[in-house]
Amino acid sequence: GEDASRLNFTNMRSAALEQLYQDFELRGVEMFRGVHENAAELAEEEDAANTQFTAVLKAATELVTEIDIVKHQMSPCFAPHWHVEALWSSCVAHVCSNHIVQQIGGPDGQNLPELTITQLLELVAWVEYFRETIEETFPEVASKRDMKKTYFEERPELFAGDKRTVNMQNATDSLAWVNNMLWEVHRLAQEEFLVRNRSQTDEWLEKVYGSESVKNQSSDGKLTTSLCEDVFSFSSVQLRTIRERLSKKSDALILAVCIILSHMRSKQIHSRNTFLQDLETCCAASNDFTRMSEKCEDMISELMSQCEFSEDMIATMEASSEELMGVYSSDAVYSARSVHIYVFDPIEEEIGIRLFEEDWEETMVDNDLAISLVRTLEDFHEDL
C-alpha cells in the first residue's frame, strides 16, 4: 500500500509538470492564434503583411516580458526543482522563434528585403531584447553561444527520465539554440538595415547638396545659407527614427550612426568647391561649414547622453564624428581663404598687367593705379 501511494504521488507530480508545460505552451499558441485570425480578417487590405508582422512582434514581446513575471511571481509558488521559469522560457523561446522565422521566410531570412526599415529595426530590437532577457534569467545560456544542437521542428524533451523533475541541461541547451539561431536572424536583419541605411543616406544627401540653398544675411551682415539646417534636419530625423526603435546600447545604432557620419563626410569632401563661386558664396560657405561642425558636435553629444554604449563603441563613434567635424572645420578655413581669389582676380584683370610697366613708372606719377588698388581693397574689406 505504501509503495502504491508513493507511486501515485510520483505520477501526480510528473503529470502536473507535463500539464503545466502544456498549459504554458497553449498560452503561447493562443497568443499567436489571435494574431493570425486578425491577419486573416485584414488579408485584403494593402498593408496586411505589415500589420501581421507588427502584431507578431508585439505578441512575442508580451510573452518574453512575462518571463520576468513568471520568475519572480509564479516560480516562488512551486518547489525549486520544478524550475517553472525554465518551463515557461522554453515554451516562449520555441513558439516565438517559430513565428518570427516564418515571418522572415526561414532562418536564412529570405523575406528580409521585403521588410521596411522600421520593421528591420523592430526585429533587431526584439532579438536583442530576447537575448538580454534569456541571458539575464539563465546566465549559463550566454556561455553556449556556439551551440550546434537544434530543436527546430519538435518540442525539446525537458523532463528527466522519471518525469518528476525538469532536465535543466536540456532546457539550457534548448534556450541556447534558440538564442543563437535568433542571433543569426539578428545579424541578417542588421545587415539588411545597414544596406538600406546607406542607400537612404546617400539619397537625402544627394537631394540636399543638389538643391539650391536659401541665402540669408543677418542684421550685422553675416552671410549664411540653409545648407546646415537642410543637412542636419534630415540626419536628425533619421537618427531619431533609429534611436526610438533600438535599445540604448544597441551596436546596430552605433553602426548606423557611423555610416551616416561617414557618408556625410564623403559628400562634403566631393561637394565643397561647388559652393565657392564668388566672394559672397565663399563667405557664406565658411560660415555654413563652421555651423555644421558645431551642429555635428551637438548632435553626437545629445546621442551619447541618451544612450548606454560600451567604451569601444563610444570610441568608434567619437572617431567617426571627429573626422566629419574635422572636414567641416578645414573646409570653413579653406572657404575663407578662397575669398582672396575673388578679390584679386578682378584687380589683376583691370590693372595687373599695367603695374610696374614703363608708363606706370614714368607717366602715372600721382600713383593712380596704387590709389585704385587701395580703394578697391578697401571696398572688398568693407564687404567682408
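Residues numbered from 1 in each chain as written. Predicted model: local features only at pLDDT ≥ 70, side-chain atom pairs only at ≥ 80, totals over all residues. Heavy atoms only, no water.

## Here's the deal with the overall build of the protein chain
Of regular secondary structure, the protein chain possesses 13 helices and two strands. Sorting the 384 residues of the protein chain into buried and exposed places 44% on the buried side. Contacts spanning at least 24 positions in sequence make up 78% of the contacts within the protein chain whose residues lie at least 6 apart. In the form shown here, the protein chain has an accessible surface area of approximately 20,800 Å², with 50% of it arising from carbon and sulfur atoms. (Helix = DSSP H or I, 4+ residues; strand = E, 2+ residues; numbered from the N terminus. Buried < 20%, exposed > 50% of the residue type's maximum accessible area, 1.4 Å probe, protein only. Contact = heavy atoms within 4.5 Å. Areas by Shrake-Rupley, 256 points an atom, 1.4 Å probe, with all protein chains shown as cover.)

## Considerations on the layout of surface pockets
Roughly 480 Å³ of volume is contained in the largest pocket. Class assignment for the residues of the lining of the largest pocket results in eight nonpolar, six polar and nine charged. Of the pockets and cavities examined, the second largest pocket occupies roughly 350 Å³. Together, 20 residues line the second largest pocket, and S213, K215, T225, F275 and T281 are the ones closest to its centre. For the lining of the second largest pocket, the secondary structure elements donating two or more residues are β1 (215–217), β2 (223–225) and α9 (279–306). Per-element tally for the lining of the second largest pocket: the top contributor is α9, with six residues. For the lining of the second largest pocket, the per-class residue count stands at seven nonpolar, eight polar and five charged. (1 Å grid on protein atoms, 1.4 Å probe; cavity = no way out; pocket = protein on both sides within 12 Å on 5 of 7 lines; lining within 4 Å. Points joined across faces, edges and corners; volume = space filled by probe spheres on them. Nonpolar A, V, L, I, M, F, W, Y, C, P; charged D, E, K, R; others polar.)

## Overview of the nonpolar core
Counting 101 residues, the largest nonpolar core has L123, W126, Y209, V231, F232, M264 and M292 as the members making the most contacts within it. The element that contributes the greatest number of residues to this core is helix α6 (residues 168–210), accounting for 16 residues. When residues no more than four places from it in sequence are discounted, the contact partners of W126 are L57, A60, T61, V64, C96, I100 and L182. (Core = buried A, V, L, I, M, F, W, Y, C linked by side-chain atoms within 4.5 Å.)

## What to know about the environment of R198
Within the secondary structure layout, R198 lies in helix α6. C-alpha of R198 to C-alpha of I260: the two residues are 62 residues apart in sequence and 7.1 Å apart in space. If we skip the residues at most four places from it in the chain, R198 touches I259 and H263.

## Digging into helix α10 (residues 311–337)
Taking 1.5 Å per residue, 27 residues should reach 39 Å; α10 reaches 38 Å between its end C-alpha atoms and fits that length. Those residues of α10 that sit buried are M313, M317, S320, S321, L324, M325, V327, Y328, D331, A332 and S335. (Expected span 1.5 Å × (residues − 1).)

## A word on the pattern of salt bridges
Under the counting rule described, the total for this entry stands at 15 salt bridges. E135 is the salt-bridge partner of R131, the closest N and O atoms lying 3.6 Å from each other. Residue R131 and its partner E135 are both found in helix α4 (residues 117–137); the two are separated by four residues, about one turn of the helix. Residue R131 is classed as buried on the basis of its relative accessible area, which comes to 11%. The class of E135 is buried, set by a relative accessible area of 14%. (Salt bridge = Lys/Arg side-chain N within 4 Å of Asp/Glu carboxyl O.)

## Side note on the environment of S174
Summarising the element assignment, S174 is placed in helix α6. Considering only alpha carbons, one finds S174 and V141, 33 residues apart in sequence, at a separation of 9.3 Å.

## Quick look at the environment of M313
With respect to the helices and strands, the residue M313 is situated in helix α10. Residues M313 and I254, 59 residues apart in the sequence, show an inter-C-alpha distance of 6.7 Å. In this view, M313 contacts D251 and I254; residues no more than four positions away in its chain are not counted.

## Here we look at the packing of helix α8 (residues 251–271) against α9
The geometry of α8 relative to α9 is characterised by a closest axis approach of 13 Å and an angle of 175° between their N-to-C directions. By the angle between their axes, α8 is roughly antiparallel relative to α9. Along its contact with α8, which presents L253, V257, L261 and Q268, the element α9 presents F289, M292, C296, M299, I300 and L303. Of the residues that constitute the contact of α8 with α9, the class distribution is nine nonpolar, one polar and no charged. (Axes fitted to C-alpha atoms, helices over the stretch in contact; angles between N-to-C directions. Parallel < 35°, antiparallel > 145°, perpendicular 65-115°, else oblique.)

## What about the side chain of S226?
Position of S226 relative to the elements: it lies in the loop between β2 and α7 (227–245). Contact partners of S226, with chain neighbours within four places excluded, come to S213, V214 and N216.

## Considering the packing of aromatic side chains
Applying the stated criterion across every chain yields a total of six aromatic pairs. Geometrically, the ring pair formed by F275 and F289 is edge-to-face, given 6.1 Å between the ring centres and 80° between the ring planes. One end of the pair, F275, is in the loop between α8 and α9; the other, F289, is in helix α9, and 14 residues separate them in sequence. Look at F275 and you get buried, because its relative accessible area is 18%. With relative accessibility at 0%, the residue F289 sits in the buried group. Taken together through their ring pairs, the aromatic side chains of Y209, F275 and F289 make up a single cluster. Taking NZ or CZ as reference, R131 lies 3.9 Å from the ring centre of W183, over its face. Directly above the aromatic system of Y334 lies the positively charged group of R272, at a separation of 3.7 Å from the ring centroid. (Phe/Tyr/Trp six-rings, centres within 6.5 Å; stacked < 30°, edge-to-face > 60°. Lys NZ or Arg CZ within 6 Å of the ring centre and 35° of its normal.)

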